[in-house]
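Chain and residue survey
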Amino acid sequence: MSAAEITTKAAQMSLEENFVFVDEAAGSDETGQGTKSAPYKTPLAAVTTIASMPEEKQPTFKIQIKKTGDDEYAEITPSALKKAKKAHEIAAKKAKKQAEQAAKDHSENDAKLAEEQRKLEESKKIVLTEDSSLPQAKQIKIIDATNNRNTRVKVYGWVSSMRVQGRSMMFIILRDGTGYLQCVLTDRLCHTYDALTLTQESTVIIHGVIKEVPEGKNAPDGHELVADYWEVVGKAPGGDEAFASRFNSESDPSVLYHERHLVIRDETASSVLKVRSRVMRAFRDHFESVGYNEVTPPCMVQTQVEGGSTLFSFNYYGENAYLTQSSQLYLETCLPSLGAVYTLSESYRAEKSNTRRHLSEYTHCEAEVPFISFEDLLDCIENMIKDVVDRVWAEPATRAMIEKLNPGFKPFAEPFVRMRYENAIKWLNEHGIKREEDGKDFEFGDDIPEAPERKMTDAIGKPILLTHFPVPIKAFYMPPTKDDTRVTESVDLLMPGVGEIVGGSMRIWDYDTLLAAYKREGLDPAPYYWYLDQRKFGTCPHGGFGLGVERFLAWLTNRFTVRECCLYPRFVGRCQP
Ligand code: 4AD
């Protein structure tokens, strides 16, 4: 209990016959009152209480103390009293000093605030004007900064970070989506009200000349914009509402997903999205180079492709409809009209499990090719992956981002491993990887779950085209092979670190065989009349595949989860922002 608290208590209480009681065993300095029924615990509390009485009354008080083990109160000994008085003096001195220091701090703080306020008021008088004798500033994007060194430019952007150096220099790292630019503001430019109150993520326009930084100094791209004029376009909040207080690198993932619209401003998140943009373009360029047409099939459908358990259904003008799981069936209908086709469209899966490689909505790169063999299909997939990687790697800016996100990454130098499902089962058993449900060896016919598949892929450490899955574990449209009707002409491409990124197969192209497959799967063929018509009006052997763009990116940019590889991830429990 503090001296002040004891004083207040003493003023409220009436001490019995001018005695102050101390019970070393049962008393309490916190709740005691110095009375016999509520004694203090220490002589110090008693001395402090007496010291708070009017000075002339103090000598009339006596301290009665019951030591631990004693039954009765006795008067305090002179030496114990002296000791308690000394302790009280020290405590009182300390409290006085603290109070004086607090008052001093308070007045210094007030003075500081007043000075800051005065400076802010003063700064309002500084109004910047553009020097009309300077050459007209050319508006540029940061990506073009190197080509515009030593001429007067103006750049719009967001204040990614800033640093004040002394009273007359301020550095702003400006970001405009095309790059980062260090800007230096000196003298009057950093004395304005806007300069003194500038916040991270405010938007500004800065005029000046881009100059190479002197040797030994660091700045993005080795140059900086030496400003001669600037304006705030939109100020971001400071204080409790400041950008930096919304999230940080330690924030819980749920916070990061909630604030994803702000998180994407971060350098790493925006680099992944930029690589994504280049990758999407590279897929298009690849398909263009091999002569496929791009199509955009509908996402609202009334048929399933990959099993009913992952369908999102909705009311479509009173009829039952679904969000598409795959555009494959529509791509197949395009073959007679457009030849080989591809799409980069959204697919939807009601995936109830929370894994790092499943999204409820993902970008699906799918292609379909007529008159090919199963071997051709495997080549198509391998060539596409290699070509897309080569294309993005050939762009210096994209390559730099990939190298930063995924240090040590190199494009493929070797052919992909090709392995039959049957041999994967053998591999798992030979390497002691057991079934999760019963700890036994895998058997032919088992679906290989994510964890063992990943263990195998990571151990082999190379892309694997895993082929010939058994009929019962694959989709209704996959044809059995001629030499072994237990297995299908199907393929998954497995990548180290991520697992399956592509699923593909040849398609049943005979009408009656397809109808029989519907029957086997218990599917009503009626809504698929248009799909069956493909087998009626000039059928052909054909095959195709689908690649999850987010999984490809997770592999390429070394992200832990596909959720970091799309703009606003959708998964169980999240449909925002
Ligand atoms: O293996 P899937 O289910 O195959 C199909 O949809 C075929 N109809 C494609 C085709 O042949 N045209 O899915 C293909 C790929 C997977 O390999 C995976 O990369 C991705 O789509 N994928 C998912 N990505 C993120 N979240 C999910 N829930 C995904 N489900 C599949």
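Residues numbered from 1 in each chain as written. Predicted model: local features only at pLDDT ≥ 70, side-chain atom pairs only at ≥ 80, totals over all residues. Heavy atoms only, no water.

Selection rule: UniProt positions are given in the numbering used here, feature names are shortened, and annotations may be inferred rather than shown by experiment.
The chain carries the name asparagine--tRNA ligase in an unreviewed UniProt entry, which gives Coemansia umbellata as its organism. Its UniProt record gives the chain a comment under Sequence similarities (unreviewed entry), which states: "Belongs to the class-II aminoacyl-tRNA synthetase family." As recorded by UniProt, the Catalytic activity (unreviewed entry) comment attached to the chain reads in full: "tRNA(Asn) + L-asparagine + ATP = L-asparaginyl-tRNA(Asn) + AMP + diphosphate + H(+)".

1. Some thoughts on the pairing of strand 13 (residues 319-323)
This is how it is decided: Here, strands pair whenever DSSP counts at least two bridges between them. Note on conventions: DSSP H or I runs of at least 4 residues are helices, E runs of at least 2 residues are strands, and numbering of each starts at the N terminus.
By the bridge criterion, 2 bridges tie strand 11 (residues 300-301) to strand 13 in an arrangement that is antiparallel. Residue Val-301 lies in a different strand from strand 13, and its bridge partner there is Tyr-322. Both strand 12 (residues 312-316) and strand 13 contribute to a ladder of 5 bridges, which runs antiparallel. If you follow Phe-312 over to strand 13, its bridge partner there is Leu-323. Linking strand 12 back to strand 13 in an antiparallel pair, the connection comprises 2 residues, with Tyr-317 at a positive phi of about 45 degrees.

2. Topic: the sheet that holds strand 13
Pairing between sheet strands relies on hydrogen bonds along the backbone, with the strands arranged either parallel or antiparallel. Spatially, 11-13-12 is the arrangement adopted by the 3 strands of the open sheet, whose pairing is antiparallel. For this open sheet the edge positions go to strand 11 and strand 12, each flanked by a neighbour on one side alone.

3. Quick notes on empty space enclosed by the protein
The line we're drawing: Think of a 1 Å grid over just the protein atoms. A cavity is a set of points where a 1.4 Å probe fits yet cannot get out, a pocket is an open set with protein on both sides within 12 Å along at least five of seven lines, and lining residues have an atom within 4 Å of a point. Grid points are joined across faces, edges and corners, and a volume is the space filled by probe spheres set on the points. Gly is placed with the polar residues, together with every amino acid not listed as nonpolar (Ala, Val, Leu, Ile, Met, Phe, Trp, Tyr, Cys and Pro) or charged (Asp, Glu, Lys and Arg).
A full pass over the atoms with the stated rule returns 2 cavities of 30 Å³ or more. Size it by volume and the largest cavity reaches roughly 70 Å³. What lines the largest cavity is Glu-332, Leu-335, Pro-336, Gln-534, Arg-535, Gly-538, Thr-539, Cys-540 and His-542. Looking at the lining of the largest cavity, the elements that each hand over two or more residues are helix 8 (328-338) and helix 14 (529-536). A total of 3 residues in the lining of the largest cavity trace back to one element, the largest contributor, which is helix 8. Partitioned by chemical class, the residues of the lining of the largest cavity number 3 nonpolar, 4 polar and 2 charged. Here the second largest cavity defines a volume of roughly 50 Å³. In this structure, the second largest cavity is lined by Arg-356, Arg-357, Arg-454, Gly-497, Val-498, Ala-554, Arg-559, Phe-560, Thr-561 and Val-562.

4. Overview of the site of the ligand
Quick note on the threshold: The nearness test applies per residue and asks whether one of its heavy atoms lies within 4 Å of the molecule or strand. Each polar contact in these results corresponds to two N or O atoms within 3.5 Å; when the atoms are within protein, one needs to be able to donate a hydrogen and the other to accept it, and residues that are neighboring in sequence are counted only if both atoms are side-chain atoms. Each accessible area is a Shrake-Rupley result for a 1.4 Å probe, and residues are judged covered by the shown protein chains and nothing else. Grid points define the cavity or pocket, and a molecule sits in it when more than half of its atoms lie within 2 Å of them.
Close to the ligand lie 23 residues, the nearest being Glu-306, Gln-328, Arg-349, Glu-366 and Glu-500. Residue Arg-507 places a side-chain N or O atom 2.9 Å away from an oxygen atom belonging to the ligand. One of the backbone nitrogen or oxygen atoms of Phe-545 is found 3.3 Å away from a nitrogen atom of the ligand. Relative to its unbound accessible surface of 620 Å², the ligand loses 94% to contact with the protein. More than half of the atoms belonging to the ligand lie within 2 Å of the grid points that define the largest pocket. Going through the elements one at a time, strand 15 (361-370), strand 19 (499-506) and strand 20 (542-548) are the ones with two or more residues in the shell around the ligand. Along the lines of polarity and charge, the residues of the shell around the ligand split into 7 nonpolar, 8 polar and 8 charged.

5. Quick word on the pairing of strand 15
We count it as follows: Buried means the residue's accessible area, taken with a 1.4 Å probe over protein chains only, is under 20% of the maximum for its type, while exposed means over 50%, and partly exposed covers the values in between.
Across the 10 residues of strand 15, 9 count as buried, placing the element largely inside the fold. In this sheet, strand 15 lies alongside strand 14 (residues 341-348) in antiparallel orientation, the contact comprising 8 bridges. Bridge pairing links Glu-346 to Thr-363 in strand 15. Examined bridge by bridge, strand 15 and strand 20 share 7 bridges and lie antiparallel to one another. Opposite Glu-368, over in strand 20, you have Gly-544 as the bridge partner.

6. So, the side chain of Glu-201
Stated precisely, the cut-off is as follows: Working rule for contacts: check all heavy atoms of both residues, and any pair within 4.5 Å makes them a contact.
Within the secondary structure layout, Glu-201 lies in the loop between helix 4 (193-196) and strand 8 (203-212). At 2.9 Å, the side chain of Glu-201 forms a polar contact with the side chain of Arg-175. Beyond its immediate stretch of four places on either side in the chain, Glu-201 contacts Trp-158, Val-159, Ser-160, Arg-175, Ala-236, Phe-243 and Arg-265.

7. Details of the nonpolar core
Under the convention used in this document: As used here, the term nonpolar core means buried Ala, Val, Leu, Ile, Met, Phe, Trp, Tyr and Cys residues forming a set that is joined through side-chain atoms within 4.5 Å.
Within the largest apolar cluster, 52 residues are counted, with the highest numbers of intra-cluster contacts made by Phe-283, Ile-385, Leu-547 and Phe-552. The element that contributes the greatest number of residues to this core is helix 9 (residues 374-394), accounting for 11 residues. In this view, Phe-283 contacts Leu-344, Cys-365, Met-384, Val-388, Leu-547 and Phe-552; residues no more than four positions away in its chain are not counted.

8. Looking at the environment of Ser-28
Within the secondary structure, Ser-28 is located in the loop between strand 1 (19-23) and helix 2 (43-51). C-alpha of Ser-28 to C-alpha of Thr-129: the two residues are 101 residues apart in sequence and 71 Å apart in space. Those residues in contact with Ser-28, other than ones at most four positions away along the chain, are Pro-39, Tyr-40 and Lys-41.

9. Focus: the packing of aromatic side chains
Operational definition: Any two of the Phe, Tyr and Trp rings considered here, Trp counted by its six-membered ring, make a pair once their centres fall within 6.5 Å; the pair's planes then place it as stacked at under 30 degrees, edge-to-face at over 60, or tilted in between. In our convention, an over-ring charge means Lys NZ or Arg CZ found within 6 Å of a ring centre and within 35 degrees of that ring's normal.
Applying the stated criterion across every chain yields a total of 22 aromatic pairs. With a centroid separation of 5.4 Å and 80 degrees between ring planes, the pair formed by Phe-476 and Tyr-477 is classed as edge-to-face. Look at Tyr-477 and you get buried, because its relative accessible area is 3%. Between Phe-476 and Tyr-528 the ring centres are 6.1 Å apart and the planes differ by 70 degrees, which places this aromatic pair in the edge-to-face class. One end of the pair, Phe-476, is in the loop between strand 17 (464-467) and strand 18 (490-495); the other, Tyr-528, is in the loop between helix 13 (511-521) and helix 14, and 52 residues separate them in sequence. Across this residue pair, the class does not change: Phe-476 and Tyr-528 are buried. Joined through ring pairs, the aromatic side chains of Phe-283, Trp-393, Phe-409, Phe-412, Phe-416, Phe-552 and Trp-555 make up one cluster. Looking at Lys-124, its charged tip hangs above the ring of Tyr-193, at a distance of 5.0 Å from the centre. A cation over a ring is seen here: Arg-486 above Phe-444, with NZ or CZ 4.0 Å from the ring centre.

10. Quick word on the UniProt feature "domain: Aminoacyl-transfer RNA synthetases class-II family profile" (unreviewed entry) in the chain
According to UniProt, the feature "domain: Aminoacyl-transfer RNA synthetases class-II family profile" (unreviewed entry) maps to residues 273-569 in the numbering used here. The span residues 273-569 shows a helical share of 36% and a strand share of 21%, and its end C-alpha atoms are spaced 12 Å apart.

11. A few points about the sheet that holds strand 3 (residues 74-75)
One open sheet accounts for 3 strands, arranged 1-2-3; its pairing is mixed. The sheet is open, and its two edges are formed by strand 1 and strand 3, each paired on a single side. As paired elements, strand 2 (residues 62-66) and strand 3 share 2 bridges and run antiparallel to each other. Looking at strand 3, one finds that Ile-65 is bridged to Ala-74.

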